[in-house]
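# Architecture and fold: a report
As a plain string of letters, each chain reads:
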Amino acid sequence: KHIFSPDSKFSTWRRLWIALAEAEQELGINITDEQIAEMKAHLYDIDYEKENEYERSLRHDVMAHIYTYGDVCPKARGIIHLGATSCYVTDNADILLMREGLEEIRVLLLKP
């Protein structure tokens, strides 16, 4: 239940946005350590009520989460999801969570 929970899914989206920002910074894009630190500091505090409001008005789940994340990371707002498509977070998060689920199944199957 935990692996496929909303908290796990959406914190994975945020981890992917952090990884994207770090990679873009390495490539020379103007992203500061302060922006990345701000994103890391707000990895788990997801305001689902605010996200719901954004999703109702934007009609786009990923954009709603970008705006919600940007609300708690004002310095990083402009670089969250920079240059990425929605599939960057949705597809990669699905793959990561499926792998985690399969690893859990493996552990349970091999348990004596």
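For clarity, every value in this text was computed on a predicted model and none was experimentally measured. Note that residues are indexed from 1 along each chain, following the sequence as it is written. Since the coordinates come from a predicted model, pLDDT governs what is reported: local features require at least 70, and pairs of side-chain atoms require 80 or more to be given and counted, while whole-chain, interface and lining totals use all residues. Calculated side-chain values reflect all of the structure's heavy atoms, with hydrogen atoms and water omitted.

### Thoughts on the overall build of the protein chain
A run of H or I in DSSP counts as a helix once it spans at least four residues, and a run of E counts as a strand once it spans at least two, with each numbered from the N terminus. A tally of regular secondary structure across the protein chain gives five helices and zero strands. Shown N-terminal to C-terminal, the secondary structure of the protein chain runs as helices and strands in the order α-α-α-α-α. Dimensions of the protein chain along its principal axes, counting C-alpha atoms only, are 50 × 35 × 25 Å. It only takes one pair of heavy atoms within 4.5 Å for two residues to be counted as in contact. Residue pairs at least 24 apart in sequence account for 68% of intrachain contacts in the protein chain once pairs closer than 6 positions are excluded. Total accessible area on the protein chain stands at roughly 7,200 Å², and carbon and sulfur atoms take up 56% of it. With 13 positive and 20 negative side-chain charges, the protein chain shows a spacing of 4 Å between the two charge centroids. For every accessible area listed, the method is Shrake-Rupley and the probe measures 1.4 Å; residues are considered covered only by the protein chains on display. In this tally, Asp and Glu contribute negative charge and Lys and Arg positive charge; neither His nor the terminal groups of the chain are included. Every charge is mapped onto a representative atom, which is NZ of Lys, CZ of Arg, CG of Asp or CD of Glu.

### Quick look at the side chain of Ser8
Inspection of the secondary structure assignment puts Ser8 in helix α1 (residues 6-26). A residue is classified by how much of its surface remains accessible, and Ser8, at 7% relative accessible area, is buried. Excluding residues within four positions of it along the chain, Ser8 makes contact with His2, Ile3 and Leu97. Working definition: with a 1.4 Å probe on protein chains only, accessible area under 20% of the residue-type maximum means buried, over 50% means exposed, and in between means partly exposed.

### Topic: the packing of α1 against helix α4 (residues 61-72)
Whenever a helix is involved, its axis is fitted only over the stretch in contact; in every case the axis is a line through C-alpha atoms, and angles between N-to-C directions fall within 0 to 180 degrees. Their axes nearest at 11 Å, the elements α1 and α4 cross at an angle of 70°. On the basis of the axis angle, α1 is roughly perpendicular to α4. Across from Phe10, Trp13, Arg14, Trp17 and Ile18 in α1, the residues of α4 making contact are Asp61, Val62, His65, Ile66, Thr68, Tyr69 and Val72. By the convention adopted, Pro, Cys, Tyr, Trp, Phe, Met, Ile, Leu, Val and Ala count as nonpolar, Lys, Arg, Asp and Glu as charged, and the other residues, Gly among them, as polar. Looking at the contact of α1 with α4, its residues break down into eight nonpolar, two polar and two charged. What sets the label is the angle itself: under 35 degrees gives roughly parallel, over 145 gives roughly antiparallel, 65 to 115 gives roughly perpendicular, and the rest give oblique.

### So, the environment of Tyr44
Along the chain, Tyr44 turns up in the loop between α2 (33-41) and α3 (48-58). Relative accessible area serves as the criterion here: at 61%, Tyr44 is assigned to the exposed category. C-alpha of Tyr44 to C-alpha of Ser8: the two residues are 36 residues apart in sequence and 8.9 Å apart in space. Aside from chain neighbours lying at most four places away, what touches Tyr44 is Ser11 and Arg15.

### Brief notes about α1
To estimate the expected span of a helix, count its residues, drop one, and scale the result by 1.5 Å. Spanning 21 residues, α1 covers 30 Å between terminal C-alpha atoms, matching the ideal 30 Å at 1.5 Å per step. When we look at burial in α1, the residues that qualify are Ser8, Phe10, Ser11, Thr12, Trp13, Arg14, Leu16, Trp17, Ile18, Leu20, Ala21 and Glu24. Contacts made by the buried residues of α1 are with α2, α3, α4 and α5 (86-110). Immediately downstream of α1, the backbone of Gly28 shows phi near 100°, a positive value.

### Some words on α3
At the N-terminal end of α3, a side-chain oxygen is found 3.2 Å from the backbone nitrogen of Glu49, two or three residues along, and the residue is Asp47. Where α3 ends, the next residue or the one after it, Arg59, has phi of about 60°, a positive value. The term polar contact refers here to a pair of N or O atoms within 3.5 Å; inside protein, the definition further demands a hydrogen-donor-capable atom paired with an acceptor-capable atom, and it admits residues adjacent in sequence only when both atoms are side-chain atoms.

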